[in-house]
Amino acid sequence: MIPLRRTAMHFLLKSIGRKLLEYLLVLFSVSVITFALTYFAPGDPASMLVSMNGGDVGLDVIEEMRETMGLNDPFFIQYKRWLINAIHGDLGFSYTNGHPVRQEIAGKMKNTLILASASFAVLLIVAFPLGILSAVYSDRLPDYVIRVLSFFGISMPNFWLGLLLMYLLSVKWHLLPIIGRISVLGMIMPVTTIVVQLICMYTQRIRAAILLELGKEYVNALRLRGISRKNIILHNVLPNSMTSIITLLGISAGALLSGTAIVEQIFGWNGIGRFALDSIAYRDYPIIQAYVLQVCLIYTTINLIVDIIVFLQNPRLREGASL
Amino acid sequence: MKSFWKKARKNKAFLFSLTGVLILLIIAASADLFVRHDPLQENFSYIMGAPNKEYICGTDHIGRCIFCRILSGAKNSLLITFLIIFLIIFIGTVLGMTAGFFGGILDVIIMRITDILMSIPIQVFAIALIAVLQPGIGNVILAVSLLWWTRYARMTRNQVTALRQKAFIDEARLGGESKIRILSRYIFPELLPELVVMAALDVGRLILAIAGLSFLGLSSQPPIPEWGYMLSEGKKYIQKAPWLLLYPGIAILITVILFNLLGDSVRNILSPRGIRKKNRLKISQ
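Residues numbered from 1 in each chain as written. Chains lettered and ligands numbered in written order. Predicted model: local features only at pLDDT ≥ 70, side-chain atom pairs only at ≥ 80, totals over all residues.

Q: Explain the overall build of chain A to me, using residue names and the numbers behind them.
A: Looking only at helices and strands, one finds 13 helices and zero strands in chain A. Starting at the N terminus and walking to the C terminus, you meet the elements of chain A as α-α-α-α-α-α-α-α-α-α-α-α-α. Rg of the C-alpha trace for chain A: 25 Å, well past the compact-globule value of 20 Å for 323 residues, more than 25% over. The 323 residues of chain A split such that 35% are buried. In chain A, the share of contacts with a sequence separation of at least 24, taken over all contacts with a separation of at least 6, comes to 73%. (Helix = DSSP H or I, 4+ residues; strand = E, 2+ residues; numbered from the N terminus. Rg over C-alpha atoms; globule rule 2.2 N^0.38 Å. Buried ≥ 20, exposed ≤ 12 C-beta atoms within 10 Å, placed from the backbone. Contact = placed C-beta atoms within 7 Å.)

Q: I'd love a proper account of the overall build of chain B, names of residues and values included.
A: Scanning chain B for helices and strands turns up 11 helices and zero strands. For chain B, the sequential pattern of α-helices and β-strands runs α-α-α-α-α-α-α-α-α-α-α. Every one of the 285 residues in chain B was classed for burial, and the buried ones make up 40%. Contacts in chain B between residues far apart in sequence, at least 24 positions, make up 69% of those at least 6 positions apart.

Q: So, the confidence of the model for chain A: which residues are in play, and what are the values?
A: Averaged over chain A, the pLDDT score is 84; the fraction of residues at 70 or greater is 93%. Per-residue pLDDT, averaged within each element of chain A, yields its smallest value for helix α13 (residues 315-319) of chain A (58) and its largest for helix α6 (residues 141-155) of chain A (92). (pLDDT = per-residue confidence, 0-100.)

Q: Tell me about the interface of chain B and chain A, and please be specific about residues and values.
A: The interface of chain B with chain A comprises 38 residues on the first partner and 47 residues on the second. Sorting elements by how many residues they give to the side of chain B that touches chain A places helix α5 (residues 122-132) of chain B first, with eight residues. A breakdown of the residues in the side of chain B that touches chain A according to their chemical character gives 23 nonpolar, nine polar and six charged. (Nonpolar A, V, L, I, M, F, W, Y, C, P; charged D, E, K, R; others polar.)

Q: Help me get a handle on the nonpolar core, residues and values and all.
A: As a rule of thumb, soluble globular proteins bury nonpolar side chains together. Counting 134 residues, the largest nonpolar core has I288 and Y291 of chain A together with I66, A126, I127, I207 and I210 of chain B as the members making the most contacts within it. Filtering out sequence-adjacent residues up to four positions away, Y291 of chain A remains in contact with I272 and A276 of chain A together with V124 of chain B. M97, V160, L183 and I187 of chain B belong to the second-largest nonpolar core, a separate cluster that totals six residues. (Core = buried A, V, L, I, M, F, W, Y, C linked by C-beta atoms within 7 Å.)

Q: Any chance you could break down the environment of L20 of chain A for me, citing the residues and the numbers?
A: All names here are of chain A. One can find L20 in helix α1 (residues 2-39). By the C-beta count within 10 Å, which is 13 here, L20 ends up partly exposed. Considering only alpha carbons, one finds L20 and L168, 148 residues apart in sequence, at a separation of 48 Å.

Q: Help me get a handle on the packing of helix α9 (residues 217-224) of chain A against helix α10 (residues 229-267) of chain A, residues and values and all.
A: Residues and elements named next belong to chain A. Interaxial distance between α9 and α10 falls to 11 Å at its minimum, and their mutual angle equals 145 degrees. Note on packing geometry: the crossing formed by α9 with α10 is right-handed. Contacts between α9 and α10 involve V219, L222 and R223 from the first element and I232, N236 and V237 from the second. Looking at side-chain class alone, the contact of α9 with α10 contains four nonpolar, one polar and one charged residues. (Axes fitted to C-alpha atoms, helices over the stretch in contact; angles between N-to-C directions. Left-handed = near helix turned anticlockwise from the far one by under 90°.)

Q: Can you tell me about unusual backbone geometry, naming the residues and giving the values?
A: All names here are of chain A. Of note in the backbone geometry, D139 takes a positive phi value of approximately 65 degrees without being a glycine. As for its placement among the helices and strands, D139 is situated in the loop between α5 (101-136) and α6. Located in the positive-phi region is R283, a residue other than glycine, with phi close to 50 degrees. Counting through the fold element by element, R283 comes out in the loop between α11 (272-282) and α12 (285-313). Residue classification places R283 among the partly exposed residues on the basis of 18 C-beta atoms within 10 Å.

Q: Describe the confidence of the model for chain B, with residues and values.
A: Residues and elements named next belong to chain B. Scored by pLDDT, chain B comes out at a mean of 83, with 91% of its residues at no less than 70. Residue range residues 274-285 is modelled with pLDDT below 50. Its contacts to residues more than four positions away, or to other chains, number 13 contacts. Of the two predicted TM-score estimates for the complex, the pTM is 0.87 and the ipTM is 0.85.

Q: Give a description of the environment of F168 of chain B that names residues and reports values.
A: Residues and elements named next belong to chain B. If you trace the backbone, F168 turns up in helix α7 (residues 167-174). Overall, the presence of 12 C-beta atoms within 10 Å leaves F168 in the exposed class. Distance in space between the C-alpha atoms of F168 and I238 is 62 Å, their sequence separation being 70 residues.

Q: Explain the packing of α5 of chain A against α6 of chain A to me, and be specific about the residues and the numbers.
A: Residue and element names in this part refer to chain A. Contact pair α5 / α6: the axes reach a minimum separation of 7 Å and the direction vectors enclose 130 degrees. The angle between α5 and α6 falls in the class oblique. Helix-helix and strand crossings are classified by hand; for α5 and α6 the assignment is left-handed. Packed against α5, whose contacting residues are L130, L133 and S134, the element α6 presents P142, D143, I146 and R147 at the interface. Taken together, the residues that form the contact of α5 with α6 break down as four nonpolar, one polar and two charged. (Parallel < 35°, antiparallel > 145°, perpendicular 65-115°, else oblique.)

What follows is the structure in structure tokens.
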């Protein structure tokens with residue numbers, strides 16, 4: 001018994017270790033890509049800094065600044081310096097006003113995360129019951145209604161939905177504030193705009209995952225033994241289809257985090273996506289760098305956690321093949 | 001292929017959406033011939049005009065005909081979408097087949113790159129890339145294609161890894177076929193159904209993604225009509241001229257619905273799940 005358990009444990013640790021390595025590799029590469037994008041971008045940080053301070057100085061002064069800022073160093077030395085700073089939370093200075101990037105984006109990141117997590121909660125609360133309902137009543141009226149609605153929802157451009165909501169609920173009927181803010185009323189439209197498409201997508205996927213599980217032999221076996229449908233679905237089918245559903249939810253984190261940019265733009269939500277969009281016009285690269293890094297960091301971390309959860313809760317994966 | 005048409009002819013959703021898509025393509029291709037107004041021509045005597053007989057969808061903030069702009073935007077949107085689809089299928093299958101067929105270090109490198117790119121959300125990448133280059137439809141195409149091929153590569157690679165073990169590949173190799181020929185004549189046809197399904201389902205998603213990016217102002221080429229950009233212009237006049245944001249949205253919705261319906265029905269035709277369905281019925285009684 002003991003050696004068997006040890007090998008299982010060993011295998012588990014090894015697989016999680018491999019996942020961690022992959023995670024670090026992905027983060028490292030994303031940081032290289034992010035740095036490279038701005039390294040090769042047109043525009044010179046030194047002259048940006050000068051013009052930002054309203055100075056008009058000679059080329060020799062700018063050259064001197066480049067030297068002290070380390071802009072003449074080779075790519076990898078600059079990258080190393082930048083990465084070490086970034087790990088310590090120093091993401092440089094905004095080109096537009098000279099404030100530390102970290103200070104500039106902290107509050108905005110918080111706003112975006114509030115919007116994304118509220119949307120995630122709504123996504124869970126709505127998509128699960130709909131998906132289960134649709135699967136349980138497959139090929140009957142509730143299923144048809146849900147399928148038709150989710151088909152339309154998937155084809156609906158979310159920014160258009162946002163504009164329609166805004167026009168009807170704010171401009172025409174004056175029910176909700178036109179500018180999104182952190183309150184129940186102020187978040188209704190932004191959250192709806194983000195989640196409708198995702199809810200429809202996940203309803204379909206959850207339905208498919210459950211139907212796949214329902215089609216398996218053991219379900220018929222349990223049914224023959226006289227166990228009620230409700231019990232089979234609650235105690236066998238749902239837990240068994242969890243793996244694929246949890247993985248799906250991990251992927252949705254990316255859509256939620258980046259999808260907020262559109263919603264922030266429409267409803268004037270003071271979040272990181274809108275801030276990054278505004279920064280395009282000013283070519284404020286440190287801000288955009290920070291945006292890409294933070295979103296990718298959160299996204300990959302969520303997916304790492306999802307991978308580990310899936311791994312821990314699924315005995316087949318734990319002992320069998322790799323993740 | 002023959003069996004595909006045999007099944008397809010009976011599938012109502014497929015016939016309906018195929019007809020719809022064909023009509024759409026014809027309209028898009030010939031829009032310039034029959035629109036009543038030049039989509040770029042301003043009419044300053046009828047600015048933000050409500051829909052009437054002459055301008056069935058109204059006019060925008062400089063008096064251009066919305067209906068004509070939607071029709072002429074269809075051509076742009078669809079051309080861009082198909083261009084991207086072909087690009088990503090090409091990149092994805094070539095890299096995926098290389099990784100799956102040759103294995104070893106090539107496989108590791110290509111699949112790692114795929115993992116890395118998959119961890120960057122498309123919108124975030126597009127914003128970053130366009131900040132560095134500049135707003136423009138070309139750069140949007142670049143940003144989307146650079147990330148979107150990864151799913152095709154992963155699927156192709158997994159399929160090829162499985163196919164490589166099959167007897168008919170060994171037989172072909174013993175028969176003296178070259179590697180390139182095995183890949184193109186023996187393996188590629190096996191991948192085709194899944195590729196078609198994936199691509200068909202992706203058209204709608206791509207149209208939405210591109211319209212979304214234009215809506216954010218990332219592809220801005222102001223005079224040329226594009227649906228997403230029309231909506232972002234329309235947003236400014238939401239109180240005075242709601243038709244500016246009604247009709248382009250309907251155009252996107254209809255187009256995406258037709259392509260999604262087509263994609264769904266192609267998937268159902270190519271991968272029938274009859275056995276599973278029969279099994280499933282027992283429990284639902």
